[in-house]
Amino acid sequence: MSFLKNIFKIRNWKKSDIDYNKLPAHIAIIMDGNGRWAKKRALPRSVGHREGAKTLKEITTFCGEIGIKYLTVYAFSTENWKRPKSEVDALMNLLLDYLKNAETHIGGKSVRIQVIGDVSVFDDKIKKEIDRVTKLTSKNTGLILNIALNYGSRAEIVHAAKKIAKEVSEGKLKVDDIDEKVLNDGLYTAMIPDPDLLIRPGGEKRLSNFLLWQSAYTEFWYTDVLWPDFKKEHILDAIFEYQKRNRRFGGI
Ligand code: IPE
Ligand code: IPE
Ligand code: MG
């Protein structure tokens with residue numbers, strides 16, 4: 001992996017420091033800190049979001065290159081609608097732009113893009129692009145990029161509960177047959193394994209309503225680095241640390 005040479009130099013690592021046979025299959029990222037990145041430079045918050053979108057492209061490509069199978073990114077939460085209309089509008093424009101140009105930044109055309117969250121509330125223009133991009137990339141066999149849009153874990157669990165209740169009321173499911181698998185199958189992430197590693201840049205140490213159910217045994221990694229400053233070496237820092245952890249899943 002010659003493209004890693006520079007990063008190993010920056011970090012003073014040896015090749016053997018990373019075990020490519022023990023990579024996290026699924027990495028989740030809370031892409032946080034765009035606003036503060038812009039504020040530090042006396043720029044509008046929207047500029048921070050634009051820089052953050054660039055980081056997403058770089059990190060997606062890199063994760064694909066090193067062999068990560070799933071990358072789930074928190075792009076817009078169910079609570080982010082509370083922000084001023086001008087910021088929400090800027091985020092929606094950026095999203096539209098990102099989707100329209102997806103072909104140019106999906107890492108060697110191998111990345112498959114999927115969306116999790118309630119997208120029914122978005123503009124038709126955005127819904128059309130989500131449809132186009134997910135169909136366009138549906139046969140790609142590389143990294144699966146799940147973008148969380150209007151995503152909230154509590155809303156997701158309510159959504160699953162309603163689906164189950166409906167099946168019970170229609171006689172398709174018995175109450176006694178409801179188990180963790182049935183609930184899991186009702187989530188937006190039904191087809192994706194639980195995240196192994198969750199990364200939060202931007203300095204906050206909270207989940208902010210992201211993947212509550214799915215992260216029961218996920219390893220968390222935080223950094224003060226703001227998302228627009230987040231680079232490949234930070235992903236490797238996180239993976240390096242992850243590989244040193246002892247995951248017991250309640251066992252010994
Ligand atoms: C994350 O950056 C992007 C979204 C939530 C859409 P923020 O906009 O939350 O940036 P900070 O946390 O205010 O710096
Ligand atoms: C979480 O970041 C949501 C996204 C990154 C999309 P927030 O900035 O919304 O989270 P809080 O408000 O700091 O908890
Ligand atoms: Mg934030």
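Residues numbered from 1 in each chain as written. Chains lettered and ligands numbered in written order. Predicted model: local features only at pLDDT ≥ 70, side-chain atom pairs only at ≥ 80, totals over all residues. Heavy atoms only, no water.

1. Considerations on the overall build of the protein chain
Helices and strands together make up the secondary structure of the protein chain, namely 8 helices and 6 strands. Taken from the N to the C terminus, the helices and strands of the protein chain come in the order α-β-α-α-β-α-β-α-β-α-α-β-β-α. For 252 residues, the compact-globule estimate of 2.2 N^0.38 gives 18 Å, and the C-alpha radius of gyration of the protein chain, at 19 Å, lies within 12% of that figure. Along the longest, intermediate and shortest principal axes, the C-alpha atoms of the protein chain span 60 × 50 × 35 Å. Within the protein chain, buried positions represent 46% of all 252 residues. Contacts in the protein chain between residues far apart in sequence, at least 24 positions, make up 77% of those at least 6 positions apart. As displayed, the protein chain offers around 13600 Å² of accessible surface, 52% of which is attributable to carbon and sulfur atoms. Side chains of the protein chain carry 43 positive and 33 negative charges; the gap between the two charge centres is 4 Å. (Helix = DSSP H or I, 4+ residues; strand = E, 2+ residues; numbered from the N terminus. Rg over C-alpha atoms; globule rule 2.2 N^0.38 Å. Buried < 20%, exposed > 50% of the residue type's maximum accessible area, 1.4 Å probe, protein only. Contact = heavy atoms within 4.5 Å. Areas by Shrake-Rupley, 256 points an atom, 1.4 Å probe, with all protein chains shown as cover. Lys, Arg positive; Asp, Glu negative; His and termini not counted. Charge placed at Lys NZ, Arg CZ, Asp CG, Glu CD.)

2. Side note on the site of ligand 2
Taken together, Ile30, Met31, Asp32, Tyr74, Ala75, Phe76, Asn80, Arg83, Arg200, Arg206 and Ser208 make up the full set of residues adjacent to ligand 2. For ligand 2, an oxygen atom lies 3.4 Å from a polar atom in the side chain of Arg200. Ser208 places a polar side-chain atom, nitrogen or oxygen, 2.6 Å from an oxygen atom of ligand 2. When ligand 2 is considered free in solution it has 390 Å² of accessible area, and contact with the protein chains removes 78% of it. Element by element, the count of residues in the shell around ligand 2 is highest for strand E2 (residues 70–77), at 3 residues. Of the residues in the shell around ligand 2, the class split is 5 nonpolar, 2 polar and 4 charged. (Near = heavy atom within 4 Å. Polar contact = N/O pair within 3.5 Å; in protein donor to acceptor, adjacent residues only side chain to side chain. Nonpolar A, V, L, I, M, F, W, Y, C, P; charged D, E, K, R; others polar.)

3. Describing the site of ligand 1
Lining the immediate environment of ligand 1, one finds 13 residues, of which Asp32, Gly35, Arg36, Arg45 and Arg83 sit closest. In isolation ligand 1 exposes 380 Å². Once the protein is present, 87% of that is buried. Elements that contribute at least two residues to the shell around ligand 1 include exactly helix H2 (34–40), helix H3 (45–66) and helix H4 (85–100). Take the shell around ligand 1: its biggest share by element is 3 residues, from H2.

4. A look at the side chain of Glu87
One can find Glu87 in helix H4. Here Glu87 falls in the buried class, since its relative accessible area comes to 10%. Residues in contact with Glu87, not counting those within four places in the same chain, are Arg45 and His49.

5. A short note on unusual backbone geometry
For residues other than glycine, phi is negative in most cases, and the peptide bonds are mostly trans. A positive phi is found at Ala42, a non-glycine position, where the angle reads about 55°. Looking at the element boundaries, Ala42 is found in the loop between H2 and H3. By relative accessible area, Ala42 is classed as exposed at 72%. One non-glycine residue, Phe249, lies in positive phi territory at about 50°. Its location among the elements puts Phe249 in the segment after helix H8 (232–244). Looking at Phe249, the relative accessible area reads 48%, which means it is partly exposed.

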